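# Fold and geometry: a report
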Amino acid sequence: MYFLTIIGNMSIIVLVRTHPCLHTPMYFFLCNLSFLEIWYTTACVPKAIGIMLGTSQTISFTVCLLQLFFLLSMGSTECFLLAVMAYDRYLAICHPLHYNSLMNRTFSVHLALLSWLCGFLAISVLATLISRLSFCGPKIINHFLCDIDALIALSCTDTRFVELATFIVSIIVVVISCVITLVSYIHIISTILRIPSSQGRQKAFSTCSAHLTVVTIWYGSTIFLYVKPSAQNSLDLNKTINIFNTVVTPLLNPFIYTLRNKEVKEAMGKTLRRMLSGFEIPWI
């Protein structure tokens, strides 16, 4: 599954780079998302495989903290990227005549950079707080990765401030980005419903259906994991949801965007036909 995730997301990046018809802000953001998914799953899956195989069952506190930082930072960045992608679809569907001038290359690059910057800055606060906790009990993490809930459960110091900070950062990152996405889609759906022809409505909806599917899956599991006042409940259930977030979702995203997006399917079809034509044997 790990290699399928890497291949799937790399394929999206290569498709967008090699087909001029996909050189638009929407696919630029999709490339950022695919690039993020590659590193998001790489940050935890190889180590998790080592744990399951029994070849790597220990981790230093420094490496554990780095894994926590990168996982949460990239998860936060994904929230912001999905919100930016929703805003992009809002401009494309609700303001089509002004879309090219509003969502130009410079603005789209700035939005992508801002998503990455905000994602990493937000989690640097939590990583700093976690690094100052004391761990004097059994140093066995009840998880396949260094999750913030599992580390808080191991601490022998007062963790109420860390839990409060986690809750506040979760509200800022998850809920605010989710609200931006929700408001964008309220306007999008309202605009689509006002389109007189059913063919026009179907065409407009097809441009954002893949993103809407990814948003529903991602925010549903992320809100369950992090937007809660206490971090020490249901660690076993958290592990199940984390598997979905770190393994299943990055694997599904390329297939969702491929199967539910006409332009990506056409680009992939052209690439496959080009590859197959290279293997044709001429008649003698």
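Parameters at a glance
Residues numbered from 1 in each chain as written. Predicted model: local features only at pLDDT ≥ 70, side-chain atom pairs only at ≥ 80, totals over all residues. Heavy atoms only, no water. Helix = DSSP H or I, 4+ residues; strand = E, 2+ residues; numbered from the N terminus. Buried < 20%, exposed > 50% of the residue type's maximum accessible area, 1.4 Å probe, protein only. Contact = heavy atoms within 4.5 Å. Areas by Shrake-Rupley, 256 points an atom, 1.4 Å probe, with all protein chains shown as cover. Disulfide = S-S within 2.5 Å. 1 Å grid on protein atoms, 1.4 Å probe; cavity = no way out; pocket = protein on both sides within 12 Å on 5 of 7 lines; lining within 4 Å. Points joined across faces, edges and corners; volume = space filled by probe spheres on them. Nonpolar A, V, L, I, M, F, W, Y, C, P; charged D, E, K, R; others polar. Phe/Tyr/Trp six-rings, centres within 6.5 Å; stacked < 30°, edge-to-face > 60°.

## With respect to the overall build of the protein chain
Across its full length, the protein chain holds 12 helices and zero strands. Along the protein chain, helices (α) and strands (β) appear in the sequence α-α-α-α-α-α-α-α-α-α-α-α when read from the amino end. Considering the protein chain as a whole, with its 284 residues, one finds that 47% of them fall into the buried category. Of the contacts made within the protein chain by residues no fewer than 6 positions apart, 77% connect residues no fewer than 24 positions apart. Just so you have it, the protein chain exposes about 15,200 Å², and 70% of that area is on carbon and sulfur atoms.

## Concerning the state of the cysteines
A full pass over the atoms with the stated rule returns one disulfide. The disulfide that involves Cys 64 links it to Cys 146, with 2.0 Å between the sulfurs. Taking the sign of the S-S torsion, about -125 degrees here, the bridge from Cys 64 to Cys 146 comes out left-handed. Of this pair, Cys 64 sits in helix 4 (residues 61–94) while Cys 146 sits in the loop between helix 6 (105–131) and helix 7 (148–154), placing them 82 residues apart in sequence. Given the relative accessible area of 2%, Cys 146 is considered buried.

## Some details on the environment of Leu 102
Within the element layout of this structure, Leu 102 appears in helix 5 (residues 99–102). Spatially, the C-alpha atoms of Leu 102 and Leu 91 are 7.9 Å apart, while their sequence positions differ by 11 residues. The residues contacting Leu 102, other than those within four sequence positions of it, are Leu 91 and Phe 107.

## Some points on the environment of Ala 112
Here Ala 112 is to be found in helix 6. A relative accessible area of 3% means that Ala 112 is categorised as buried. Distance in space between the C-alpha atoms of Ala 112 and Phe 29 is 6.9 Å, their sequence separation being 83 residues. The contact partners of Ala 112, leaving out residues within four places of it in the chain, are Phe 28, Phe 29 and Asn 32.

## As for empty space enclosed by the protein
Across all of its chains, the model carries four cavities of 30 Å³ or more by this definition. In this structure, the second largest cavity encloses a volume near 50 Å³. Contributing to the lining of the second largest cavity are Met 26, Met 85, Arg 89, Thr 207, Cys 208, Ala 210, His 211, Tyr 257 and Asn 261. Where the lining of the second largest cavity is concerned, the elements lending two or more residues are helix 4 and helix 10 (209–226). Here the lining of the second largest cavity is built from residues that sort into five nonpolar, three polar and one charged.

## Focus on the packing of aromatic side chains
Overall, the coordinates contain nine aromatic pairs when judged by the stated rule. For the pair Phe 35 and Trp 39, a centre-to-centre distance of 6.4 Å together with 70 degrees between the ring planes defines the contact as edge-to-face. Remark: Trp 39 and Phe 35 occur in helix 2 (residues 25–42); sequence separation between them is four residues, near one turn of the helix. Where Phe 69 meets Phe 70, the ring centres are 5.4 Å apart and the plane angle is 70 degrees; that geometry is what we call edge-to-face. Joined through ring pairs, the aromatic side chains of Phe 35, Trp 39, Phe 69, Phe 70, Trp 116 and Phe 120 make up one cluster.

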